[in-house]
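Architecture and fold: a report
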Amino acid sequence: MIETSCVTGDGIDLLQKMLFTLPKRRRHENKVNRKFEFLVEDIFNVPGVGSVVSGFVNAGELSVGPNCQVFVGPTDNGSFIKTVAKSAHIA
């Protein structure tokens, strides 16, 4: 247990040192060469635009535009829906 204070900041340096010494759990550099995988956290219906999803890229790279097909799923029956990634925005 590391005692810290959010009021005075005591112990924060020690906590940071301890956290940065922990081994990394994921090897992100190995995911770049995999197929594109996006984990959807939320879905919005934007009038005049259509469905918009938010989440994060778990693997691969995405190209956008009218010729960029992506597959969404699996749906309840295990199938995937083919759609187009019109744009991507990073927040």
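Quick note: structure is the one above.
A few points on the structure. For every chain, the first residue of the written sequence is number 1, and numbering continues from 1 onward in sequence order. Side-chain atom pairs in this predicted model are given and counted only at pLDDT of 80 or more, local residue features only at pLDDT of at least 70, and totals for whole chains, interfaces and linings cover all residues. Side-chain measures here rest on the full set of heavy atoms in the structure, leaving out hydrogens and waters.

Side note on the packing of aromatic side chains
Between two aromatic rings, the relevant description is the distance of the centres plus the angle of the planes. Two rings from Phe, Tyr or Trp (for Trp, the six-membered ring) form a pair when their centres are within 6.5 Å of each other. A pair whose planes differ by under 30 degrees is stacked, one over 60 is edge-to-face, and the rest are tilted. Taken as a whole and judged by the stated rule, the model has one aromatic pair. Measuring from ring centre to ring centre gives 6.4 Å for Phe 36 and Phe 38, while their planes differ by 15 degrees; the resulting arrangement is stacked. On the basis of relative accessible area, Phe 36 is assigned to the partly exposed category, the value being 30%. Each residue's exposure class comes from its accessible area (1.4 Å probe, protein chains only) as a fraction of the maximum for that residue type: buried when under 20%, exposed when over 50%, partly exposed otherwise.

Side note on the pattern of salt bridges
Whenever Lys or Arg places a side-chain nitrogen within 4 Å of a carboxyl oxygen from Asp or Glu, that contact is recorded as a salt bridge. Inspection of every chain in the model, using the stated rule, returns one salt bridge. A salt bridge links Arg 34 to Glu 37, with the nearest nitrogen and oxygen atoms 3.0 Å apart. On the accessibility criterion, Arg 34 (40% relative accessible area) is partly exposed. Using a relative accessible area of 29% as the deciding quantity, one classes Glu 37 as partly exposed.

Comments concerning unusual backbone geometry
For the peptide bond that leads from Gly 73 to Pro 74, omega is 5 degrees, which places it in the cis range. As for its placement among the helices and strands, Pro 74 is situated in the loop between β3 (69-72) and β4 (81-84). In DSSP terms, a helix is any run of H or I states spanning at least four residues, a strand is any run of E spanning at least two, and both are numbered starting from the N terminus.

Describing the layout of surface pockets
Cavities and pockets are defined on a 1 Å grid built over the protein atoms alone: a cavity is a set of grid points where a 1.4 Å probe fits but cannot escape, while a pocket is an open set with protein on both sides within 12 Å along at least five of seven lines, and lining residues are those with an atom within 4 Å of any such point. Grid points are joined across faces, edges and corners, and a volume is the space filled by probe spheres set on the points. Here the largest pocket is characterised by a volume of approximately 1,500 Å³. Around the largest pocket, the lining is made up of 38 residues, and of these Phe 38, Val 53, Leu 62, Val 70 and Ala 85 lie nearest the centre. When contributions to the lining of the largest pocket are tallied by element, the ones reaching two or more residues are β1 (37-46), β2 (50-59), β3 and β4. With eight residues, the single largest contributor to the lining of the largest pocket is β2. For the lining of the largest pocket, the residue count by class is 24 nonpolar, ten polar and four charged. Throughout, the ten residues Ala, Val, Leu, Ile, Met, Phe, Trp, Tyr, Cys and Pro are labelled nonpolar, Asp, Glu, Lys and Arg are labelled charged, and all others, Gly among them, are labelled polar.

Thoughts on the environment of Pro 66
Note that Pro 66 resides in the loop between β2 and β3. Sequence separation between Pro 66 and Ala 85 is 19 residues; the distance between their C-alpha atoms is 7.4 Å.

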